[in-house]
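If you want the building blocks of each chain, they are given just below.
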Amino acid sequence: MSDRYFHLLERHQKLDAALRMARDPFDVLRLHRLKQAVKARLAHLFLRRPEAALATV
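Here's what I pulled together on the structure shown here. These figures come from a predicted structure and were not determined experimentally.

**Observations regarding a positive patch on the surface**
Residues Arg-4, Arg-11, Arg-41 and Arg-48 make up a contiguous surface patch of positive charge. For the positive patch, the elements supplying multiple residues, two or more each, are helix 1 (3-21) and helix 2 (25-48). When you line up the elements, Arg-48 lands in helix 2. Note on Arg-48: relative accessible area 57%, which makes it exposed.

**Things to note about the side chain of Lys-35**
Tracing the sequence through the fold places Lys-35 in helix 2. Relative accessible area serves as the criterion here: at 15%, Lys-35 is assigned to the buried category.

**What to know about the packing of helix 1 against helix 2**
Between helix 1 and helix 2, the shortest axis-to-axis distance is 9 Å and the interhelical angle comes to 155 degrees. With respect to helix 2, the element helix 1 is oriented roughly antiparallel. As helix 1 packs across helix 2, the resulting crossing turns out to be left-handed. From helix 1, Arg-4, Tyr-5, Leu-8, Leu-9, Arg-11, His-12, Leu-15, Asp-16, Ala-18 and Leu-19 reach across to helix 2, where they touch Val-28, Leu-31, His-32, Leu-34, Lys-35, Val-38, Lys-39, Arg-41, Leu-42, Leu-45 and Phe-46. Counted by class, the contact of helix 1 with helix 2 contains 13 nonpolar, two polar and six charged residues.

**Some words on helix 1**
The end-to-end C-alpha separation of helix 1 is 27 Å, in line with the 27 Å expected for 19 residues at 1.5 Å each. Here helix 1 has its buried residues at Tyr-5, Leu-8, His-12, Leu-15 and Leu-19. One face of helix 1 carries all of its buried residues, which in axial projection span an arc of 85 degrees. More than 90 degrees from the buried face of helix 1, the exposed residues found are Asp-3, Gln-13, Lys-14, Arg-20 and Met-21. On its buried face, helix 1 sits against helix 2.

Rules used throughout
Residues numbered from 1 in each chain as written. Predicted model: local features only at pLDDT ≥ 70, side-chain atom pairs only at ≥ 80, totals over all residues. Heavy atoms only, no water. Patch = residues over 30% accessible without salt bridge, like charges linked within 9 Å, V, L, I, M, F, W, Y side chains within 5 Å. Areas by Shrake-Rupley, 256 points an atom, 1.4 Å probe, with all protein chains shown as cover. Salt bridge = Lys/Arg side-chain N within 4 Å of Asp/Glu carboxyl O. Lys, Arg positive; Asp, Glu negative; His and termini not counted. Charge placed at Lys NZ, Arg CZ, Asp CG, Glu CD. Helix = DSSP H or I, 4+ residues; strand = E, 2+ residues; numbered from the N terminus. Buried < 20%, exposed > 50% of the residue type's maximum accessible area, 1.4 Å probe, protein only. Axes fitted to C-alpha atoms, helices over the stretch in contact; angles between N-to-C directions. Parallel < 35°, antiparallel > 145°, perpendicular 65-115°, else oblique. Left-handed = near helix turned anticlockwise from the far one by under 90°. Contact = heavy atoms within 4.5 Å. Nonpolar A, V, L, I, M, F, W, Y, C, P; charged D, E, K, R; others polar. Expected span 1.5 Å × (residues − 1). Arc of directions from axis to C-beta.

Purely spatial values, then, with no claim about function.
Below, the structure is given as structure tokens:
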């Protein structure tokens, strides 16, 4: 697992924890958008790996 992938996973978990504690609807919306952006980066990083391409064949 690359460092970048690990840090994105860690950030995703922290955003998830912050979402559980958030009470203000605007904070929830902001955190949800940040979490979706991190999730998209994780997906993009995962699909670029050579072993991931073999799994889809």
